[in-house]
Structures are given as structure tokens and as C-alpha cells.
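Structure assessment
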Amino acid sequence: EPEVTQTPSHQVTQMGQEVILRCVPISNHLYFYWYRQILGQKVEFLVSFYNNEISEKSEIFDDQFSVERPDGSNFTLKIRSTKLEDSAMYFCASLQENTEAFFGQGTRLTVV
Amino acid sequence: GEDVEQSLFLSVREGDSSVINCTYTDSSSTYLYWYKQEPGAGLQLLTYIFSNMDMKQDQRLTVLLNKKDKHLSLRIADTQTGDSAIYFCAESMGDKIIFGKGTRLHILP
């Protein structure tokens, strides 16, 4: 069964450092997403990406965040200068048009 | 506004049925989802329903959709200890999926 894969599963970084979270969506999918879940809280939408550009972003997705699809298979989330409050589980998702969304297993980001 | 509401906690005896309820806001949602999250794990898609359906059954899972009231429910028959998890209701809204806060299902022996 096709699946969305995310790497790494756990990333520890120092405050102020840049991190890149990686995702490989399902190959024929067209829409890509990043969500985050701070420990014990709800799953929050960050950004959606379609046709090589951001289609929607939340107020959480400020200038410190960026997304890229550098090579047609990977979909990355970059946090330029991490803050303690960026510590969360980050989920990538993808879907074709008018189908269900598939989520990856998540990357746990810990900022120390 | 965007809001998916669900109760935060449900306690059920093993072998009984669990019913997790959810209300959503966007009447134009195409898909409504139920995701399961076990401790420390990712989001597992349990089931989903198209907005033009009233009911969907998949083994022990039954999803009921009341579009008029914007109410979605997930029934788990014969609840097992392995069903202990957080269950997220979610709706598709435009280009994104909006999640509820999740219902923690606790199984009593």
C-alpha cells in the first residue's frame, strides 16, 4: 500500500538553528500539506502546496517557515531559526484530487 | 469560522460499543475523516465518508453523517483494549483539512 514517509522520525536541535524536515509524498498525488501538533494539543494546519506553489497558509506559517519541492519527489519544510515553541510533531500529508488525505508518521522536533 | 468540535474524553467498557461524536462547520466539505493516534505515534486514517453519503460501514467501524445538523459520529463495535487512542474528526475545507481537538478513548476492563 502506498504511504507517505517522513524523515527523520526525531530531530533535536538547538534554539536558533535551521532545520529541514523531509517528506516523500505518494507519487501520483498533487496536493501536499504540513501540519503540526504541539504535545497534547490539536493538529494544526500550517501550509498547503499545489502546482509548485503555496496555495494556503495559516498564521502560524510566518517568515521563519518555508516549503519546497526541490526534485519532484521530496517535499520539505524548513524552519529558519528555531524557537523553543517550535517543538512539536510535524506531519506531512498528500492527496490526489478528490481523494482522502494520507499522513506520514510524523517528525518529532525538539528544540533545546 | 473553521471549527471542528468533539468531546475530549470517552470511557467505555471492553466489549461495549464506543460512539465518538463530532460537529463541523463547513457545509461544503467534500470529505469527513476519522483519524486514530496512538501514544507517540502518527495519524492513522481509520475511515472517511463522502459528504453525499449518510453511512459507511467498515468491519467494526460505522460512520454516520447528518449533513443537516453537520454532525458526524464514529461507532466502534466490540471495543478492544487496542482501540485505546485519541480519535480525531476532520473535515476538508478548501485546500486544507481541519482537525478537531481529538477524543481520548479509554477502555475499562
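Everything below is about the structure shown above.
Report on the accompanying structure.

Rules used in this analysis
- Throughout, residues of each chain are indexed from 1 in the direction in which the sequence is written.
- The lettering of chains begins at A and the numbering of ligands begins at 1, in the order of writing.
- A pLDDT threshold of at least 70 governs which residues receive local features in this predicted model, and a stricter bar of 80 or more applies before side-chain atom pairs are shown or counted, although totals over entire chains, interfaces and linings include all residues.
- Excluded from the side-chain calculation are hydrogens and water; included are all heavy atoms of the structure.
- The way it works is that DSSP assigns letters per residue, a run of H or I at least four long becomes a helix, a run of E at least two long becomes a strand, and they are numbered from the N terminus.
- The quantity called the radius of gyration is restricted to C-alpha atoms. Its globule counterpart is 2.2 Å times the number of residues to the power 0.38.
- Residue exposure (1.4 Å probe, protein chains only): buried if accessible area is under 20% of the type maximum, exposed if over 50%, otherwise partly exposed.
- Residues count as neighbours in contact if any of their non-hydrogen atoms are within 4.5 Å of one another.
- All accessible-area figures derive from a Shrake-Rupley calculation using a 1.4 Å probe, and residue coverage is judged against the displayed protein chains alone.
- Positive charge is attributed to Lys and Arg, negative charge to Asp and Glu, and no charge count is given to His or to the chain ends.
- A charge is said to be at NZ when it belongs to Lys, at CZ for Arg, at CG for Asp and at CD for Glu.
- Pairing between strands is defined by DSSP: at least two bridges between the two strands are required.
- Two parts placed together each lose some accessible area under a 1.4 Å probe, and the buried area is that loss summed for both.
- Salt bridges are counted wherever a side-chain nitrogen of Lys or Arg sits within 4 Å of a carboxyl oxygen of Asp or Glu.
- A 3.5 Å cut-off defines polar contacts: any pair of N or O atoms within that distance qualifies, except that in protein one atom must be a possible hydrogen donor and the other a possible acceptor, and neighbouring residues in sequence count only when both atoms are side-chain atoms.
- Gly falls in the polar group here, along with every residue not listed as nonpolar (Ala, Val, Leu, Ile, Met, Phe, Trp, Tyr, Cys, Pro) or charged (Asp, Glu, Lys, Arg).
- When two rings of Phe, Tyr or Trp (its six-membered ring) have centres within 6.5 Å they constitute a pair, described as stacked for plane angles under 30 degrees, edge-to-face for angles over 60, and tilted for the intermediate range.
- Lines fitted to C-alpha atoms define the axes here, with helix axes fitted over just the stretch in contact, and angles between the N-to-C directions of these axes take values from 0 to 180 degrees.

Here the focus is the overall build of chain B. Counting its regular elements, chain B contains zero helices and 11 strands. Mapped from its N terminus to its C terminus, chain B presents α and β elements in the order β-β-β-β-β-β-β-β-β-β-β. Radius of gyration (C-alpha) of chain B: 13 Å, near the 13 Å computed for a compact globule of 109 residues. By its C-alpha atoms, chain B is 40 × 30 × 20 Å across when sized along the principal axes. Burial statistics for chain B: of 109 residues in total, 47% are counted as buried. Long-range contacts, defined here as pairs at least 24 residues apart, represent 55% of the contacts in chain B between residues at least 6 apart. Just so you have it, chain B exposes about 5300 Å², and 47% of that area is on carbon and sulfur atoms. Positive and negative side-chain charges in chain B, numbering 11 and 14 respectively, have mean positions lying 2 Å apart.

Take the pairing of strand 7 (residues 65–68) of chain A next. Residue and element names in this part refer to chain A. Residues Phe65 and Val67 of strand 7 are buried on one face, while the alternating residues Ser66 and Glu68, pointing to the opposite face, are not. For strand 7 and strand 8 (residues 75–79), the ladder comprises four bridges, and the chain directions are antiparallel. Bridging from a neighbouring strand, valine 67 pairs with leucine 77 of strand 8.

Once that is clear, we can look at the interface of chain B and chain A. Chain B puts 18 residues into the contact, and the matching count from chain A is 21 residues. Of the roughly 1700 Å² buried at the junction of chain B and chain A (both faces included), carbon and sulfur atoms supply 55%. Viewed at the interface, chain A and chain B are joined by zero salt bridges. Counting the contacts that link chain B with chain A gives four residue pairs in polar contact (both at pLDDT 80 or more). By residue number, the principal contributor to the side of chain B that touches chain A is strand 4 (residues 31–37) of chain B, which donates four residues. Of the residues in the side of chain B that touches chain A, the class split is 10 nonpolar, four polar and four charged.

Attention shifts here to the packing of aromatic side chains. Taken as a whole and assessed by the stated rule, the structure comprises 18 aromatic pairs over all chains. Judged by centre distance (5.9 Å) and plane angle (15°), the rings of B:Tyr31 and B:Tyr33 are stacked. Side by side, B:Tyr31 and B:Tyr33 carry an identical accessibility label, which is buried. An aromatic cluster of three or more residues is present, and its members are A:Tyr33, A:Tyr35, A:Phe45, A:Phe103, B:Tyr31, B:Tyr33, B:Tyr35, B:Tyr48, B:Phe50, B:Phe88 and B:Phe99.

Residues and elements named next belong to chain A. With respect to topology, four strands assemble into an open sheet ordered 1-3-8-7, the strand pairing being antiparallel. In this open sheet, the two strands that pair with only one neighbour each are strand 1 (5–7) and strand 7. Across the sheet, the mean angle from the axis of one strand to that of its neighbour is 20°, orientation sign disregarded.

Our next topic: the pairing of strand 5 (residues 44–50) of chain B. Residue and element names in this part refer to chain B. Where strand 4 and strand 5 come together, six bridges link them in antiparallel fashion. Each residue of the ladder has a partner; that of tryptophan 34, found in strand 5, is threonine 47. Counted between consecutive antiparallel strands, the loop separating strand 4 from strand 5 contains six residues, among which glycine 40 sits at a positive phi close to 70°.

Our focus in this paragraph is the pattern of salt bridges. Tallying each qualifying case throughout the model produces four salt bridges over all chains. One salt bridge in this structure joins A:Glu44 and A:Arg36, with 3.2 Å as the shortest N-O distance. In this structure A:Arg36 comes out as buried when scored by relative accessible area, which is 10%. In this structure, B:Asp69 engages B:Lys68 in a salt bridge whose closest nitrogen and oxygen atoms are separated by 3.6 Å.

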